[in-house]
Amino acid sequence: MTSSGPHSQGPSSGDPLISDAAIGPDNPPDAKDAFKLLVEGAAEYAVFTLSPSGVVSTWNRGAERIKGYRQDEIVGQHFSVFYPAEQREAGMPEQELRDAIAEGRVAVEGWRVRRDSSRFWANVIITPLWDGAGRLRGFAKLTRDESDRRATEKTNEQLARIAEQDRIATALADTMARRLFTIGLQLSGVLKLTTGLEVHQRIEAAINEADNAISELRRAVFNPDHNPAVGWPPVSSQARRGPA
């Protein structure tokens, strides 16, 4: 596979990641060695290269720490081993290489697989490497384990959902309690106008049911230590209802 254009770089050394273009023409001869040491010692990042077909060709300590493979275990294997089975079946590894060629680089986040088959959330950047003649020499791949950040984001999202659910529940309970309170007051007004004992008892029972419903709403929505901004006094209060 070949390509040319703005992605082309100058002649490269034996390691496509440690190229003259990456180091710069004005650096001293030992700059390549220093850059190689920097890449190999980057423990927080998996930094490695692939052949044009996607076979792992170099490996650093960060890659070993994050992915679990020793260099002698992984060099020579296709990089699709880092992807979950469903992504391999969908052709995602190969598609990411095609996207990197078409766009100059590709940056993605998603699940990747370690040597022990455990999954981690990865931030991945893939960059094609070109020689001076515009031929594709391979790819540089940078991977960072972002599992902790994703877990924090998921926790924050869950807390936000819970807070929103609490807000909705509180508003709904407040609305229902106000309606029950209004019904109770209306019944109290009717109670003042009636004289029959049986009617009194039935209205009293309805008022008590409204009180019980309001109390249950308060217990369900508010923490016992929480003092609601708007109180719901008992409908059966003598001050509200007046003398029987």
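All values reported here derive from a predicted model rather than from experimental measurement.

Asks: Help me understand the nonpolar core in this model?
Replies: The tendency in soluble globular proteins is for nonpolar side chains to be buried as a group. Within the largest apolar cluster, 23 residues are counted, with the highest numbers of intra-cluster contacts made by F48, V56, W59, F82, I126 and F139. Those residues within four positions of F82 in sequence are excluded, and the remaining contacts are F48, V56, W59, K67, Y69, I74, R112 and V113.

Asks: Help me out: how do you make sense of the sheet that holds strand β3 (residues 119-130) in this one?
Replies: Strands belonging to one sheet form pairs held by backbone hydrogen bonds; the direction of such a pair is parallel or antiparallel. Pairing is antiparallel in the open sheet, where four strands are placed in the order β1-β4-β3-β2. Single-partner strands in this sheet number two, and they are β1 (46-50) and β2 (106-113). Ignoring which end each strand starts from, the neighbouring axes of this sheet average 30 degrees apart. Contacting β1, β2, β3 and β4 (136-145), helix α6 (residues 92-103) crosses the sheet at an angle of about 45 degrees to β3.

Asks: Can you help me understand the confidence of the model for the protein chain in this one?
Replies: When pLDDT drops low, the exact placement of atoms in the prediction is not to be read closely. Of the residues in the protein chain, 64% reach a pLDDT of 70 or more, and the chain-wide mean stands at 76. Within the protein chain, the element-level pLDDT minimum falls on helix α9 (residues 238-241), averaging 40, and the maximum on α6, averaging 97. Low pLDDT (under 50) marks residues 18-24, which in the prediction has 18 contacts with non-local residues, meaning those over four places away or in another chain. Across residues 224-232, confidence stays below pLDDT 50; counting only partners more than four residues off in sequence or on other chains, it has twelve contacts.

Asks: How should the pattern of salt bridges be read in this particular structure?
Replies: For side chains of opposite charge, pairing can occur when their charged atoms come near one another. The final tally for this structure, using the stated rule, is eleven salt bridges. We note a salt bridge from R70 to D72, for which the minimum N-O separation is 3.2 Å. On the accessibility criterion, D72 (61% relative accessible area) is exposed. One salt bridge connects E96 with R112, and the closest N-O pair in it is separated by 3.1 Å.

About the criteria used
- Residues numbered from 1 in each chain as written.
- Predicted model: local features only at pLDDT ≥ 70, side-chain atom pairs only at ≥ 80, totals over all residues.
- Heavy atoms only, no water.
- Core = buried A, V, L, I, M, F, W, Y, C linked by side-chain atoms within 4.5 Å.
- Buried < 20%, exposed > 50% of the residue type's maximum accessible area, 1.4 Å probe, protein only.
- Contact = heavy atoms within 4.5 Å.
- Pairing = 2+ DSSP bridges.
- Helix = DSSP H or I, 4+ residues; strand = E, 2+ residues; numbered from the N terminus.
- Axes fitted to C-alpha atoms, helices over the stretch in contact; angles between N-to-C directions.
- pLDDT = per-residue confidence, 0-100.
- Salt bridge = Lys/Arg side-chain N within 4 Å of Asp/Glu carboxyl O.

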